[in-house]
Amino acid sequence: MKIFYDKQSDSAYIELSQEQPTGVVEVSDGVNIDTTENNKIVGIQLLDASKKFPIDTLFRFEVEQTA
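Throughout this document, residue positions are counted from 1 along each chain, in the order its sequence is written. Where local features are concerned, this predicted model is filtered to residues with pLDDT of at least 70; where side-chain atom pairs are given and counted, the filter is 80 or more; whole-chain, interface and lining totals use all residues. Only hydrogens and water are set aside when side-chain values are computed; all heavy atoms of the structure are taken into account.

(A) Molecular detail of the overall build of the chain. Only runs of H or I of at least four residues qualify as helices and only runs of E of at least two qualify as strands under DSSP, and these elements are numbered from the N terminus. In terms of regular secondary structure, the chain is built from one helix and five strands. Overall, the chain is about 40 × 30 × 20 Å in size when its C-alpha atoms are taken along their principal axes. Relative accessible area decides the class of each residue, using a 1.4 Å probe on protein chains only: under 20% of the type maximum gives buried, over 50% gives exposed, and in between gives partly exposed. Counting the 67 residues in the chain, one finds 28% classified as buried. At a minimum sequence separation of 6, the contacts of the chain that also span at least 24 residues come to 36%. Charge assignment in this entry is limited to Lys and Arg as positive and Asp and Glu as negative, and neither His nor the chain termini are counted. To locate a charge, take NZ of a lysine, CZ of an arginine, CG of an aspartate or CD of a glutamate. With 6 positive and 12 negative side-chain charges, the chain shows a spacing of 5 Å between the two charge centroids. Contacts: residue pairs with any heavy atoms within 4.5 Å of one another.

Below, the structure written as structure tokens:
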């Protein structure tokens, strides 16, 4: 997984796979899911990202252990 943030466009992209997306699903205003032709999610695009959440939280990595 890789996370990219473009300050100029205020957009964030969470890359879940290096597969080439073939489609996009808009799940809400400014939140797009990139998919393959087999409906596999390969990335998440967030427009106006800084208005949706604090950008510094994008780059924090936490792991919770489940029972």
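This is not the end of the story, as more comes after the structure.
(B) Spatial organisation of the pattern of salt bridges. By definition here, a salt bridge exists when the distance from a side-chain nitrogen of Lys or Arg to a carboxyl oxygen of Asp or Glu is within 4 Å. For the coordinates displayed, the defined rule picks out one salt bridge. For Lys40, the salt bridge identified is with Glu19, shortest N-O distance 2.5 Å. Separated by 21 residues along the polypeptide, Lys40 in the loop between strand E4 (31–35) and strand E5 (41–47) and Glu19 in the loop between strand E2 (11–15) and strand E3 (23–28) bring together distant segments of the chain. Judged by relative accessible area, Lys40 falls into the partly exposed class, the value being 40%. Under the relative-accessibility criterion, Glu19 is labelled partly exposed at 35%.

(C) Seen up close, the nonpolar core. Here, nonpolar core refers to any group of buried Ala, Val, Leu, Ile, Met, Phe, Trp, Tyr and Cys residues whose side-chain atoms link them within 4.5 Å. Ala12, Ile14, Val31, Leu46, Ala49, Ile55 and Leu58 form the largest nonpolar core, which has seven residues in total. Residues contacting Ile14, with those up to four places away along its chain left out, are Met1, Lys2, Ile3, Val42, Gly43, Ile44, Leu46 and Leu58.

(D) Focus on the confidence of the model for the chain. Taken over all residues, the pLDDT of the chain has a mean of 91, while the share at 70 or more is 100%. Along the chain, pLDDT gives the predictor's confidence residue by residue, from 0 to 100. Within the chain, no element has a lower average pLDDT than helix H1 (residues 49–52), which sits at 91, and none a higher one than E4, at 97.

(E) Structural detail: the pairing of strand E1 (residues 2–6). Any two strands between which DSSP finds at least two bridges are classified as paired. For E1 and E2, the ladder comprises five bridges, and the chain directions are antiparallel. Pairing of Ile3 across the sheet is with Ile14, part of E2. What sits between E1 and E2 in their antiparallel hairpin is a turn of four residues, with Asp10 showing a positive phi close to 50°.

(F) View of the sheet that holds E4. The five strands are arranged E1-E2-E5-E4-E3 in an open sheet whose pairing can be described as antiparallel. The sheet is open, and its two edges are formed by E1 and E3, each paired on a single side. Across the sheet, the mean angle separating the axes of adjacent strands is 20° when strand polarity is ignored. As paired elements, E2 and E5 share five bridges and run antiparallel to each other. Directly across from Glu15, in E5, lies its bridge partner Gly43. Fitted lines through C-alpha atoms serve as axes, helices being fitted only where they are in contact, and the angles separating the N-to-C directions of these axes extend from 0 to 180 degrees.

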